[in-house]
Amino acid sequence: MNTIALVGNPNSGKTTLFNALTGSNQHVGNWPGVTVEKKEGQLKFNGNIYNIVDLPGTYSLGAYSEDEVVARDFIIKGNPDVVINVVDATNIERNLYLTTQLMEMGTKVIIALNMMDEAKSKNIDIDIEKLSQNLGIPVIPTIAAKKKGIDSLIQKAVEFINEDIYNYDPISYGENIDKEIHDIRILLKGSSREYPNNWIAIKALEGDKEVLNKLKSNELVNQHLISLADKASEYELEIVDRRYNFIGNIIHSSVNRPTESRETLTDKIDKIVTNKYLGIPIFAIIMFVSFQLTFVIGSDLLGGYVEGWIENLGGWLSGILLTLNTPDWLLSFLIDGVVGGVGAVVVFVPLIAVLYFFLGILEDTGYMARAAYVMDGLMRALGLHGKTFISMIVGFGCNVPGIMSTRTLENKKDRMIALLINPFMSCGARFPIYLVFISAFFADNGGIVLFLIYGLGIIVALVMGKIFSKTLFKGESSHFIMELPPYRLPSFRSVIRDMWDKVWDFLQRAGTIIFIVVTLLWILSIFPLGVEPYSQESLLGKIGTIIAPIFAPAGFGTWQASVSLFAGIAAKEAVVAVLGMVYGGASEGRELISAIQQAFTPLAAISFLVMTLLYTPCAAVLATVKKETNSIGWTVFMAVYPFIIGWVGAVFVYQVGSILGL
Amino acid sequence: MEDKAMVFLKRNEFGKIKEINGCEDVKKRLFELGLRRGAGVRILKNDIGPLILNVSGCKMALGRGLARNIILSI
Ligand SMILES: Nc1nc2c(ncn2[C@@H]2O[C@H](COP(=O)(O)OP(=O)(O)OP(=O)(O)O)[C@@H](O)[C@H]2O)c(=O)[nH]1
Ligand SMILES: [Mg+2]
């Protein structure tokens, strides 16, 4: 099977194109650094199947951050048959820089000149024919977001696979460097390599670490490079300059952009949202309004339905089971465990959906990059990098992609801190826990309570970040450079599709991991045989009773709460599932809510919420930490330290609250 | 013609990048991001926090530390 790779600058539309080519639904967002992993999909065309690879965005092959390393590695070692270089037509000059590097490698490359709609509205005039001729590369105009130009692009890419090796005019780097390249090539001769000697020579002069490493065994070349001494760094920048000159000559005759651009709508919006006084308040308001609306739409308008269905289902099921003379143990499993436990989680689907809807809009408009911008000052004061904030917002959806997105941080120290504080950002799976307790105690102020919980998560994350940057990860954090993409109107379809994707994932988890947890705990609950299921005398109850004293100072030292917290480490939704299970099934309506009202005081409820917000992240997050840090030590650290923070926080809330007489 | 560090430019001022001070790595990164010698830069915001600028049609936020090392000719 032939492989076609999508390569380009961040936010140029690679993933949008990937989705259009393969019919997949990979995550698209309007900020640089959405994709941080390699993703593969299939394209069927004329009876053949092609393997399409979507890569993280990169500005060059220099690979400064982890996500760029992924892109670089695939371009260099993945041997794609054709590379589709996605170029943002509104910013051709900078985008073509990467193209020149692809040309140097002798890659078979075609250009998808994307965002043609925006180029047009900005009055950028591009002579595509000429551009293509000057470059010696086919250029196909596309509007990936509207699926325009896709067919011609596929046609061209496929044609290209079978074409013989392609030759571009070599870029001239000036007399001195060209001579150096020539000399190194001669020294390289004979040694067989998978890359053109020309490219190796350029990369060696550029000081590319990987290439230099490979050349270590070649004495002659090494000697030669050492003899260059001071000139080397001069050459390095000169090469960059020359590439830009080359680009300048090419676009001079093929691209015409109006010089003095007027103030765009994006500029006008930015003036307000990045304003030095308004920036942070606006961010807080956006968050607050999102939660308030989530609550109003998700719970008041939609929430009742699902709850009603589950109640009916429970009633109907228990009716049937009773007429069938089902044994008690099975009854307790199906009604209390499955309907009560899994059902308690599923009840919250509408709210989860609305939350994801808002997060999706936030990601698609372009505001994300601005949020990082306005928070940079605060972040910097805490010794963190502004981009950390993007990974934090992504963490609101789920901490797994949140942690993955820390790959875009160039500096190892910045990245580790961002990774370690991400789980304090409250994810969608913790959402049902808050909602149960809000319905039980704070039903009138749901939006505010949610806002406070999420806000507390951010504050704890920032404080821990500060502590880490003062202790474990000292040193300067790297410079802040980020592209601010133009605001774009989110496409309703893609927001809905993304939302559905996440809701579906949530439902699948309810049907798999939550179901398994519920089943395991149910088994524990019917032993020793003959005990009342879910009673304190059962094995489950006994285990819980042993753990419970740990949580007594926090006000929820019951065996039920303890078991639910431990189940929550498998997946956070399990906390609610277990509570739903042990406090009786949904068959009798709002039993869970009223059971919680009896089992917790309002103060204990707050302290429990603090605990669930902060304590040990779920298994999936821990697995991601293991994968990203490649260290068991950090993974254990990640499991333990949030537990301590959560416990201390909960105890603090409960004890101070008690003293104040709450 | 006058040379000034980017960080001293006010909103709406325009200049061409003359040179960038600092270590080679940072320099190269900036070049590759489009902040190369000769590129025209318009300042869109410069009060507190990172600057916001327009470099050949692309909007970028740039930390003050970096902006101090970028010399523009105006
Ligand atoms: N107007 C317009 N917007 C587009 C077009 N193609 C993509 N977009 C939008 O551009 C933004 C970025 O798209 P992505 O597909 O996520 O870009 P990417 O290159 O994968 O970005 P990274 O993964 O961050 O490197 C999204 O908001 C898209 O909706 C296009 O042709 N025209
Ligand atoms: Mg992408």
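Residues numbered from 1 in each chain as written. Chains lettered and ligands numbered in written order. Predicted model: local features only at pLDDT ≥ 70, side-chain atom pairs only at ≥ 80, totals over all residues. Heavy atoms only, no water.

Section: the overall build of chain A
Regarding its fold elements, chain A presents 29 helices and 9 strands. In terms of overall size, chain A behaves like a compact globule, its C-alpha atoms giving a radius of gyration of 29 Å where 662 residues would be expected to give roughly 26 Å. C-alpha atoms of chain A, sized along the principal axes, occupy 90 × 55 × 50 Å. Across the 662 residues of chain A, 57% fall into the buried class. Looking at chain A alone, contacts between residues at least 24 apart form 74% of all its contacts between residues at least 6 apart. About 27700 Å² of surface is accessible on chain A, with carbon and sulfur atoms providing 60% of the total. Between the mean site of the 52 positive side-chain charges and the mean site of the 61 negative ones, chain A shows a separation of 3 Å. (Helix = DSSP H or I, 4+ residues; strand = E, 2+ residues; numbered from the N terminus. Rg over C-alpha atoms; globule rule 2.2 N^0.38 Å. Buried < 20%, exposed > 50% of the residue type's maximum accessible area, 1.4 Å probe, protein only. Contact = heavy atoms within 4.5 Å. Areas by Shrake-Rupley, 256 points an atom, 1.4 Å probe, with all protein chains shown as cover. Lys, Arg positive; Asp, Glu negative; His and termini not counted. Charge placed at Lys NZ, Arg CZ, Asp CG, Glu CD.)

Description of the environment of Val354(A)
Residue and element names in this part refer to chain A. Here Val 354 shows up in helix H15 (residues 349–365). By relative accessible area, Val 354 is classed as buried at 8%. Separated by 303 residues in sequence, Val 354 and Asn 51 place their C-alpha atoms 35 Å apart.

Notes on the coordination of the magnesium ion (ligand 2)
All names here are of chain A. Only Thr 15 (OG1) and Thr 35 (OG1) from the protein reach the magnesium ion (ligand 2) as donors, at distances of 1.9 to 2.0 Å. Here Thr 15 is found in helix H1 (residues 14–22), whereas its partner Thr 35 is found in the loop between H1 and strand S2 (39–45), with 20 residues between them in sequence. Like Thr 35, Thr 15 is buried. (Donors = N, O, S within 2.8 Å, 3.2 Å for Na, K, Ca; no water.)

Section: the interface of chain B and chain A
Taken together, the contacts link 33 residues of chain B with 36 residues of chain A. Across the chain B to chain A interface the summed buried area is about 3200 Å²; carbon plus sulfur atoms make up 52%. Among the residues of chain B in contact with chain A, Arg29(B), Glu32(B) and Lys59(B) are the three that bury the most area, contributing 23% of the side total. One salt bridge connects Arg36(B) with Glu93(A), and the closest N-O pair in it is separated by 2.8 Å. Listing elements by their share of the side of chain B that touches chain A, those giving two or more residues are helix H1 (24–32), strand S3 (40–45), strand S4 (51–55) and strand S5 (58–62) of chain B. Top contributing element to the side of chain B that touches chain A by residue count: H1(B), with 9 residues. (Buried area = accessible area lost by both parts, 1.4 Å probe. Salt bridge = Lys/Arg side-chain N within 4 Å of Asp/Glu carboxyl O.)

Let's talk about the packing of helix H20 (residues 431–441) of chain A against helix H25 (residues 573–582) of chain A
Residues and elements named next belong to chain A. Remark: H20 packs on H25, axes separated minimally by 6 Å, with the N-to-C direction vectors making an angle of 45°. When the axes of H20 and H25 are compared, the pair comes out oblique. Together, Pro 432, Ile 433, Val 436 and Phe 437 of H20 and Val 575, Val 576 and Leu 579 of H25 make up the contact between the two elements. Split by residue class, the contact of H20 with H25 holds 7 nonpolar, no polar and no charged. (Axes fitted to C-alpha atoms, helices over the stretch in contact; angles between N-to-C directions. Parallel < 35°, antiparallel > 145°, perpendicular 65-115°, else oblique. Nonpolar A, V, L, I, M, F, W, Y, C, P; charged D, E, K, R; others polar.)

Here we look at unusual backbone geometry
Positioned with a positive phi, Asn630(A) is a non-glycine residue whose angle comes to about 60°. Position of Asn630(A) relative to the elements: it lies in the loop between helix H28 (619–629) and helix H29 (632–659). A residue is classified by how much of its surface remains accessible, and Asn630(A), at 62% relative accessible area, is exposed. Even without being a glycine, Asn12(B) presents a positive backbone phi close to 75°. Secondary-structure assignment places Asn12(B) in the loop between strand S1 (3–5) and strand S2 (14–20). Using a relative accessible area of 44% as the deciding quantity, one classes Asn12(B) as partly exposed.

Considerations on the sheet that holds S2(A)
Strand pairing in a sheet relies on backbone hydrogen bonds, with the paired strands running either antiparallel or parallel. Residues and elements named next belong to chain A. One open sheet accounts for 6 strands, arranged S2-S3-S1-S4-S5-S7; its pairing is mixed. Two strands bound the open sheet, and with one partner strand each, they are S2 and strand S7 (139–141). Along the sheet, successive strands turn relative to each other by an average axial angle of 25°, direction set aside. Summarising the sheet, strand S4 (residues 82–88) and strand S5 (residues 109–114) pair through 6 bridges and their orientation is parallel. Bridge pairing links Asp 88 to Asn 114 in S5. Contacts from helix H3 (residues 92–105) reach strand S1 (2–8), S4 and S5, with the element oriented near 165° to S4. Across the sheet, helix H6 (residues 150–162) lies against S1, S2, strand S3 (48–54), S4, S5 and S7, angled at about 170° from S5, the strand it touches most. (Pairing = 2+ DSSP bridges.)

Here's the deal with a nonpolar patch on the surface
Residue and element names in this part refer to chain A. Together, Phe 515, Ile 516, Leu 520, Ile 523, Phe 527, Leu 529, Leu 539 and Ile 543 make up a nonpolar patch on the protein surface, roughly 720 Å² of accessible area in all. Those elements that place two or more of their residues in the nonpolar patch are helix H22 (492–526) and helix H23 (539–547). Top contributing element to the nonpolar patch by residue count: H22, with 4 residues. Here Ile 516 shows up in helix H22. (Patch = residues over 30% accessible without salt bridge, like charges linked within 9 Å, V, L, I, M, F, W, Y side chains within 5 Å.)

Observations regarding the nonpolar core
Counting residues in each nonpolar core, the largest one holds 129 residues, and the members touching the most others are Tyr434(A), Phe437(A), Phe556(A), Phe600(A) and Phe608(A). Counting residues in each nonpolar core, the second largest holds 87 residues, with Ala5(A), Leu98(A), Leu113(A) and Ile43(B) among its members. (Core = buried A, V, L, I, M, F, W, Y, C linked by side-chain atoms within 4.5 Å.)

A few points about the site of ligand 1
Residues and elements named next belong to chain A. Taken together, 24 residues lie around ligand 1, and Lys 14, Thr 15, Thr 16, Gly 33 and Thr 35 are the ones closest in. One of the side-chain nitrogen or oxygen atoms of Thr 15 is found 2.7 Å away from an oxygen atom of ligand 1. Contacts to ligand 1 include Met 115, whose backbone N or O atom sits 3.3 Å from an oxygen atom. Out of a free accessible area of 660 Å², ligand 1 has 93% covered by protein chains. Class assignment for the residues of the shell around ligand 1 results in 9 nonpolar, 11 polar and 4 charged. (Near = heavy atom within 4 Å. Polar contact = N/O pair within 3.5 Å; in protein donor to acceptor, adjacent residues only side chain to side chain.)

A short note on the confidence of the model for chain A
Overall, the predicted model of chain A reaches an average pLDDT of 87, with 96% of residues at or above 70. Here residues 585–589 of chain A is a poorly scored stretch, pLDDT under 50, and it has 12 contacts once near neighbours within four places are set aside; other chains count. (pLDDT = per-residue confidence, 0-100.)

Some points on the packing of aromatic side chains
All names here are of chain A. What the rule picks out here adds up to 26 aromatic pairs over all chains. Arranged with centres 5.8 Å apart and planes meeting at 75°, the rings of Phe 357 and Phe 358 form a pair that is edge-to-face. Since its relative accessible area comes to 18%, Phe 358 is described here as buried. A ring pair is formed by Phe 437 and Phe 600, whose centres lie 5.0 Å apart and whose planes are at 90°; its orientation type is edge-to-face. Placement of the pair is Phe 437 in helix H20 and Phe 600 in the loop between helix H26 (591–599) and helix H27 (602–614), with a sequence separation of 163 residues. Given a relative accessible area of 0%, Phe 437 falls into the buried group. Given the relative accessible area of 4%, Phe 600 is considered buried. (Phe/Tyr/Trp six-rings, centres within 6.5 Å; stacked < 30°, edge-to-face > 60°.)

Quick notes on the state of the cysteines
Residue and element names in this part refer to chain A. What the rule picks out here adds up to 0 disulfides over all chains. As a non-bridged cysteine, Cys 398 has Cys 427 as the owner of its nearest cysteine sulfur, 6.1 Å distant. Classification of Cys 398 by relative accessible area gives partly exposed; the value is 32%. (Disulfide = S-S within 2.5 Å.)

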